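# Fold and contact review
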Amino acid sequence: MSQRKESYRAALQRGQDVAAPRSTKVAALQSRYLRVTVELDPDLPGHLVRWAAWPVSSVVVAGTTVLRTLVDTVGRVSRPGG
């Protein structure tokens, strides 16, 4: 059991020595029972913008259409003498 722990720890240390091909942002969370390391790709914001652009623009167009229809409907109903 002790040998397995030592080989696991050695493997973790070796994994940290590997150089990344490009810079990454690293966030680490460490407690007594848990150790989590998250590496973020520097291109992540660009990927998110490309991924979210179409759904966001669709929601904006749909919202604009709903609001215009609502304004037209309320405008017709509330006009006096119309």
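Values in this document were obtained by computation on a predicted structure and should not be read as measured data.

Attention now moves to the overall build of the protein. Looking only at helices and strands, the protein has two helices and two strands in total. Reading the protein from its N terminus to its C terminus gives the helix and strand order α-β-β-α. Taken over 82 residues, the protein has a buried fraction of 1%. Here the protein displays about 7,900 Å² of accessible surface, and carbon together with sulfur accounts for 63% of that area.

Pairing geometry for strand β1 (residues 25-30) and strand β2 (residues 35-40), over six bridges, is antiparallel. By the bridge assignment, A28 is partnered in β2 with T37.

What follows concerns a nonpolar patch on the surface. On the surface, L29, Y33, L34, V36, V38, L40, L44, L48 and W51 cluster together into a nonpolar patch covering about 930 Å² of accessible area. Those elements that place two or more of their residues in the nonpolar patch are β2 and α2 (44-78). Mapping V36 onto the fold places it in strand β2. According to the relative accessible area criterion, V36 is partly exposed, its value standing at 32%.

This part takes up the pairing of β1. Here β1 lies mainly on the outside; zero of its six residues are buried. Between the end of β1 and the start of β2, which pair antiparallel, lie four residues.

What follows concerns the environment of T65. Of note, T65 is situated in helix α2. Using a relative accessible area of 46% as the deciding quantity, one classes T65 as partly exposed. Looking at T65, its side chain comes within polar contact range of the main-chain oxygen of V61, at 2.9 Å.

The next point concerns the confidence of the model for the protein. For the protein, per-residue confidence averages 79 on the pLDDT scale, and 80% of positions sit at 70 or higher. Mean pLDDT in the protein bottoms out at helix α1 (residues 2-17), which sits at 74, and peaks at α2, which reaches 86.

Each value, and the rule that gives it
- Residues numbered from 1 in each chain as written.
- Predicted model: local features only at pLDDT ≥ 70, side-chain atom pairs only at ≥ 80, totals over all residues.
- Heavy atoms only, no water.
- Helix = DSSP H or I, 4+ residues; strand = E, 2+ residues; numbered from the N terminus.
- Buried < 20%, exposed > 50% of the residue type's maximum accessible area, 1.4 Å probe, protein only.
- Areas by Shrake-Rupley, 256 points an atom, 1.4 Å probe, with all protein chains shown as cover.
- Pairing = 2+ DSSP bridges.
- Patch = residues over 30% accessible without salt bridge, like charges linked within 9 Å, V, L, I, M, F, W, Y side chains within 5 Å.
- Salt bridge = Lys/Arg side-chain N within 4 Å of Asp/Glu carboxyl O.
- Polar contact = N/O pair within 3.5 Å; in protein donor to acceptor, adjacent residues only side chain to side chain.
- pLDDT = per-residue confidence, 0-100.

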